[in-house]
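Notes for the structure review
Each chain is listed here by its residues.
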Amino acid sequence: MARGVAEGFTATLKAAQEAATNTPYIRTVINAVDYSSKLLFLEHHEEAYRDYATLDFRNDDRAFDALDLRGRELEIGYGHTTGAGNEYCSTATLWVKSQHIISVEGLVVCRLYCEGMWTYLREQRIMFVGASPWYRNEWTIKTPYGIIEEIIETGFTWILEALGTADDGIINTFLPVFTLNQLPWENATEVLYRLIQMTKCYLRPKPSKTFKVVYPQTADVADHTYYSYQAHYFKEYTEKKNELVPNRIVVFANFDPLVESTWAGKLTGDTGAYSGQYVEVIENFIASSITNQTDVDNRAAAILTRIRSESLSAYLVVPHDASVELYDKVSIDDARGF
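My aim in this report is to walk through the structure given alongside it, one point at a time. (Residues numbered from 1 in each chain as written. Predicted model: local features only at pLDDT ≥ 70, side-chain atom pairs only at ≥ 80, totals over all residues. Heavy atoms only, no water.)

Some thoughts on the overall build of the chain
- Within the chain one finds 5 helices and 22 strands.
- Its C-alpha atoms give the chain principal-axis dimensions of about 75 × 65 × 35 Å.
- Burial status across the chain gives 40% buried among its 338 residues.
- Across the chain, contacts joining residues at least 24 apart in sequence account for 71% of those joining residues at least 6 apart. (Helix = DSSP H or I, 4+ residues; strand = E, 2+ residues; numbered from the N terminus. Buried < 20%, exposed > 50% of the residue type's maximum accessible area, 1.4 Å probe, protein only. Contact = heavy atoms within 4.5 Å.)

Laid out in structure tokens, this is it:
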């Protein structure tokens, strides 16, 4: 799942970042203008459902004073200087939300605070698609992937990459009864999260306002391996084993909880009894519109998988690896202490 040659991660870039001595390269482009040579400082966070960055640019010539960069698109690329020049991999699109001109003794800088695609979508209420109002739209003949595609590509004219092999058997098979804006107006992030929650998949922001569906559970194979004794080295690794709470998920479906006459026909999806060292902690969910046992079993499994996968379990410090993306799997080969 890591970035490959098509995304800029070439063999020469891999060799450069693993070399004993190297020259890192950071590319910062705002609305097609390259400001990389002026970059002084960068702090960039890529998190599940949120990404943001703070950048400081040299402003000794006061060139930024006359520029209004608010609302402009920013893309950050990470890489190294190689024999082929400055090579890099771009990260997901951000937008400039605030601009500061800072003057201190001996230094004048322009500081930009930027936020990413999930924040952009969180600010947008889904009320219209083009000229057509969505108000209280309902889907019954589209899969979660199909609805996500309609929202991203029709609602925002962004791009959702083809599903490819990232199919968990739910995202492009299950046909939910999915209703939009039942009471309050919903924002796009809320709607996309409701849809992706039905599955074992994730949505990964990409450059050029693109999303990609990823399914890390397809194979227990690491996307990256870091070593204590050879390149690509890691500096520090802390592993944390969490007691999973809740540890059993039960989903009730095919009934209306407010109408007693429907209760007899309800279906139950259950991830099974807990068998660990702690006490069993059950969390119940209702999915009234699901009408068959396979789908309710899948929903229970998807919820438990997401709870397990989204818990923070490790902390790793490595020299920058331009191929790493959100939701990649990492393996550590540690010979220290032997």
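Comments concerning the sheet that holds strand E12 (residues 159-160)
- On the basis of which strands lie adjacent, the open sheet formed by 3 strands has the order E12-E15-E14 and mixed pairing. Of all the strands in the sheet, the pair left with one neighbour each is E12 and strand E14 (202-206).
- Taken together, the 5 bridges between E14 and strand E15 (residues 210-214) define a ladder with antiparallel strand orientation. Of the residues in E15, the one forming a bridge with Lys 206 is Thr 210. (Pairing = 2+ DSSP bridges.)

Section: a nonpolar patch on the surface
- Together, Leu 40, Phe 41, Val 104 and Leu 107 give the surface a local cluster of nonpolar side chains, amounting to about 330 Å² of exposed area.
- Secondary-structure assignment places Phe 41 in strand E3 (residues 39-47).
- Take Phe 41: its relative accessible area is 38%, and that puts it in the partly exposed class. (Patch = residues over 30% accessible without salt bridge, like charges linked within 9 Å, V, L, I, M, F, W, Y side chains within 5 Å. Areas by Shrake-Rupley, 256 points an atom, 1.4 Å probe, with all protein chains shown as cover. Salt bridge = Lys/Arg side-chain N within 4 Å of Asp/Glu carboxyl O.)

Topic: the nonpolar core
- Ranked by internal contacts, the top residues of the largest apolar core, which has 49 residues, are Leu 203, Phe 211 and Val 213.
- Those elements giving two or more residues to this core turn out to be helix H2 (117-122), helix H3 (144-155), helix H4 (188-196), E14, E15, strand E18 (248-253) and helix H5 (293-309).
- Excluding anything up to four places from it in sequence, Phe 211 contacts Met 117, Trp 118, Leu 121, Ile 152, Trp 158, Ile 159, Leu 160, Glu 161, Leu 203, Arg 204, Pro 205 and Lys 206.
- One finds Phe 64, Leu 74, Leu 94 and Val 96 within the second-largest nonpolar core, a separate group that totals 16 residues. (Core = buried A, V, L, I, M, F, W, Y, C linked by side-chain atoms within 4.5 Å.)

Re the sheet that holds E18
- Read from one edge to the other, the open sheet built from 3 strands follows the order E19-E18-E20, with strand pairing classed as mixed. The two strands at the open ends of the sheet, each matched to only one other strand, are strand E19 (267-270) and strand E20 (282-287). Averaged over all adjacent pairs, the angle separating strand axes in this sheet is 20°, with direction ignored.
- The sheet contact formed by E18 and E20 spans 6 bridges and is parallel. Looking at the pairing, Val 250 lines up with Asn 284 of E20.
- Of the strands in this sheet, E18, E19 and E20 are in contact with H5, which crosses E19 at around 35°. (Axes fitted to C-alpha atoms, helices over the stretch in contact; angles between N-to-C directions.)

Quick look at the pattern of salt bridges
- Inspection of the entire model under this criterion finds 18 salt bridges.
- Salt-bridge contacts for Asp 56 lead to Arg 111; the nearest nitrogen and oxygen are separated by 2.7 Å. Residue Asp 56 is located in strand E4 (residues 50-58), and its partner Arg 111 is located in strand E8 (residues 107-116); the two are separated by 55 residues in the primary sequence.
- Look at Arg 111 and you get partly exposed, because its relative accessible area is 32%.
- Linked through salt bridges whose partners overlap, the residues forming this network are Arg 3, Glu 7, Arg 204, Lys 206, Glu 325 and Asp 328.

Topic: H3
- Taking 1.5 Å per residue, 12 residues should reach 16 Å; H3 reaches 15 Å between its end C-alpha atoms and fits that length.
- Among all positions in H3, only Pro 144, Tyr 145, Gly 146, Ile 147, Ile 148, Glu 150, Ile 151 and Ile 152 are buried.
- Buried residues belonging to H3 abut strand E11 (138-139), E12, strand E13 (178-179), H4, E14 and E15.
- A positive phi of about 50° marks Thr 157, the residue just after H3. (Expected span 1.5 Å × (residues − 1).)

Things to note about the packing of H3 against H4
- Contact geometry of H3 with H4 gives a least axis separation of 9 Å together with a crossing angle of 165°. Compared by their axis directions, H3 and H4 come out roughly antiparallel. Judged by the twist between their axes, the crossing of H3 over H4 is left-handed. For the pair formed by H3 and H4, the contact residues are Pro 144, Ile 147, Ile 148, Ile 151 and Ile 152 on the first element and Val 191, Leu 192, Leu 195 and Ile 196 on the second.
- Its residues assigned to classes, the contact of H3 with H4 shows 9 nonpolar, no polar and no charged. (Parallel < 35°, antiparallel > 145°, perpendicular 65-115°, else oblique. Left-handed = near helix turned anticlockwise from the far one by under 90°. Nonpolar A, V, L, I, M, F, W, Y, C, P; charged D, E, K, R; others polar.)

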